[in-house]
Amino acid sequence: MAAKLIDGKAFATKIKADITAEISARKNQGFAAPCLAVILVGDNPASHIYVRNKRQACEEAGIKSIYHSLPNTIPENDLKELIHQLNNDPTVNGILLQLPLPEHINSDALLELIDPAKDVDGFHPYNLGRLAQRRPALQPCTPYGIMMLLDHIKETYKNRHAVIVGASNIVGRPMALELLLAGSTITICHRFTKDLSYFVKQADILVAAVGIPSLIKGDWIKPGATVIDVGINRLIDGSIMGDVEFTAAKEKAAWITPVPGGVGPMTTATLLKNTLTATINQDSETRDIP
Ligand code: GUN
């Protein structure tokens, strides 16, 4: 039986509409619009497209975005100074440092400089640590968006074996923490995993986040599995393909995300959600000061 499609595009549209309505209601109560500072370094074409889409989504939702587009050659100290300024600016609620950064810059050190309360990507060790300790604060956007999709299809999590392929800081690792928190049994596969198919065949929930087109073969999918494909791989002909062999996998899975139109739109929706959450938290802290 063919799997049902998990329509991330439609679900993200609904979430964005809810966020837009909440921001509008807050403005009517006298609150300022949330403000997201976006930092883009260099001229990576994919990063430019992602940042343009994120800023446009902010604008549509009523979130102010301020943009720092900086040259590839910028010294690391100048970026540190900018992050300090944004941390100390009470009108800025969220800070997004688009990755990857040029090689001469230590991305981890810069991400750690961002005020955790403004860390709308959820990449700061504080926020990842909170997730690891089952006390999530600001959650990394892509895994958070995937959890919303799984909740939406009424995934049960418990007694389910979740296999995550890919162990990046952006997706694989926080994804494992989210699914663990939800009660699933977790396996993480990565570049040193021997016999990937052995693990994938056991997955009740499969999350593929490696960036290798069609790495996961359709006949590895366990019948009735939920398949989440995070891969956005652009082929030479310009088309986009996921990490999973979609057509064959669809015949075995119960649920599957398309690429494009599955996980991608959710990442932007959760960025807006985190920006609103950070803003609400900061506004309530300000009000509490005697
Ligand atoms: N590069 C690829 N994905 C992301 C993301 O979710 N956030 C940031 N900041 N950079 C990225």
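Now for a quick tour of the structure. (Residues numbered from 1 in each chain as written. Predicted model: local features only at pLDDT ≥ 70, side-chain atom pairs only at ≥ 80, totals over all residues. Heavy atoms only, no water.)

## Overview of the packing of aromatic side chains
Here comes step 1: Applying the stated criterion across every chain, the model contains 1 aromatic pair.
Here comes step 2: Note on Y198 and F199: the rings are 5.0 Å apart at their centroids and 85° apart in plane angle, and the pair reads as edge-to-face.
Here comes step 3: Across from the ring centre of F31, 4.1 Å away, lies the NZ or CZ of R26, which sits over that ring. (Phe/Tyr/Trp six-rings, centres within 6.5 Å; stacked < 30°, edge-to-face > 60°. Lys NZ or Arg CZ within 6 Å of the ring centre and 35° of its normal.)

## Comments concerning the pattern of salt bridges
Here comes step 1: According to the stated counting rule, one finds 5 salt bridges in the structure shown.
Here comes step 2: Here K80 makes a salt bridge to E76, at a shortest N to O gap of 3.5 Å. Of the two residues, K80 and E76 both sit in helix α3 (residues 76–88), 4 residues apart, roughly one turn of that helix.
Here comes step 3: Judged by relative accessible area, which is 25%, K80 ranks as partly exposed.
Here comes step 4: Among the salt bridges present, the one from R160 reaches E155, with a minimum N-O distance of 2.7 Å. E155 shares its class with R160; the two are buried. (Salt bridge = Lys/Arg side-chain N within 4 Å of Asp/Glu carboxyl O. Helix = DSSP H or I, 4+ residues; strand = E, 2+ residues; numbered from the N terminus. Buried < 20%, exposed > 50% of the residue type's maximum accessible area, 1.4 Å probe, protein only.)

## A short note on the sheet that holds strand β11 (residues 255–256)
Here comes step 1: Ordered in space as β1-β11-β8-β7-β5-β6, the 6 strands form an open sheet in which the pairing is parallel. In the strand order of this sheet, the two ends are held by β1 (4–5) and β6 (185–189), each with one partner.
Here comes step 2: As defined by bridge partners, strand β7 (residues 205–208) adjoins strand β8 (residues 226–229) across 4 bridges and the pair is classed as parallel. When the sheet's bridge partners are listed, V207 is paired in β8 with I228.
Here comes step 3: With respect to the sheet, helix α7 (residues 172–181) is in contact with β5 (161–165), β6 and β7, its orientation differing from that of β5 by roughly 170°. (Pairing = 2+ DSSP bridges. Contact = heavy atoms within 4.5 Å. Axes fitted to C-alpha atoms, helices over the stretch in contact; angles between N-to-C directions.)

## Some words on unusual backbone geometry
Here comes step 1: Cis geometry marks the peptide bond from L99 to P100, where omega comes out at 5°.
Here comes step 2: Inspection of the secondary structure assignment puts P100 in the loop between β4 (94–97) and α4 (107–113).
Here comes step 3: The residue after V259, namely P260, is reached through a cis peptide bond having omega -5°.
Here comes step 4: Mapping P260 onto the fold places it in the loop between β11 and α10 (264–288).
Here comes step 5: In this structure, N159 takes a positive phi of about 60° despite not being glycine.
Here comes step 6: Relative to the helices and strands, N159 resides in the loop between α6 (141–152) and β5.
Here comes step 7: Residue class for N159 comes out exposed when judged on its relative accessible area of 78%.
Here comes step 8: Of note in this structure, S214 is not a glycine but carries a positive phi near 55°.
Here comes step 9: As for its placement among the helices and strands, S214 is situated in the loop between β7 and β8.

## Focus: the site of the ligand
Here comes step 1: In the vicinity of the ligand, the contacting residues are K54, L97, Q98, L99, D121 and F123.
Here comes step 2: Within the backbone of L99, an N or O atom sits 2.9 Å from a nitrogen atom of the ligand.
Here comes step 3: At 2.6 Å from a nitrogen atom of the ligand is found a side-chain nitrogen or oxygen belonging to D121.
Here comes step 4: Relative to its free-state accessible area of 280 Å², the ligand is covered by the protein chains to the extent of 84%. (Near = heavy atom within 4 Å. Polar contact = N/O pair within 3.5 Å; in protein donor to acceptor, adjacent residues only side chain to side chain. Areas by Shrake-Rupley, 256 points an atom, 1.4 Å probe, with all protein chains shown as cover.)

## A closer look at the packing of helix α1 (residues 8–28) against α6
Here comes step 1: The interhelical angle for the contact between α1 and α6, taken along N-to-C directions, is 100°, at an axis separation of 11 Å. When the interaxial angle is binned, α1 and α6 end up roughly perpendicular. Residues G8, F11 and I15 of α1 lie in contact with α6, whose contacting residues are M148, L149 and H152.
Here comes step 2: The residue inventory of the contact of α1 with α6, partitioned by class, reads 4 nonpolar, 2 polar and no charged. (Parallel < 35°, antiparallel > 145°, perpendicular 65-115°, else oblique. Nonpolar A, V, L, I, M, F, W, Y, C, P; charged D, E, K, R; others polar.)

## Structural notes on the pairing of β5
Here comes step 1: The buried fraction of β5 is high, at 5 of 5 residues.
Here comes step 2: Here β5 shows two buried faces, one formed by H161, V163 and V165 and the other by A162 and I164.
Here comes step 3: As defined by bridge partners, β5 adjoins β6 across 5 bridges and the pair is classed as parallel. In the strand pairing of β6, V163 is matched with T187.
Here comes step 4: The β-α-β motif built from β5, the intervening α7 and the parallel element β6 has right-handed crossover chirality.
Here comes step 5: The sheet contact formed by β5 and β7 spans 4 bridges and is parallel. Counted as the bridge partner of V163 is L206 from β7. (Right-handed = clockwise from strand over helix to strand, strands pointing away.)

## A short note on the packing of helix α5 (residues 125–132) against α7
Here comes step 1: Across the interface, α5 lies against α7 with an axial gap of 9 Å and an inter-helix angle of 30°. Our classification of the angle between α5 and α7 gives roughly parallel. From α5, L128, L131 and A132 reach across to α7, where they touch P174, L177, E178 and L181.
Here comes step 2: For the contact of α5 with α7, the class distribution of residues is 6 nonpolar, no polar and 1 charged.

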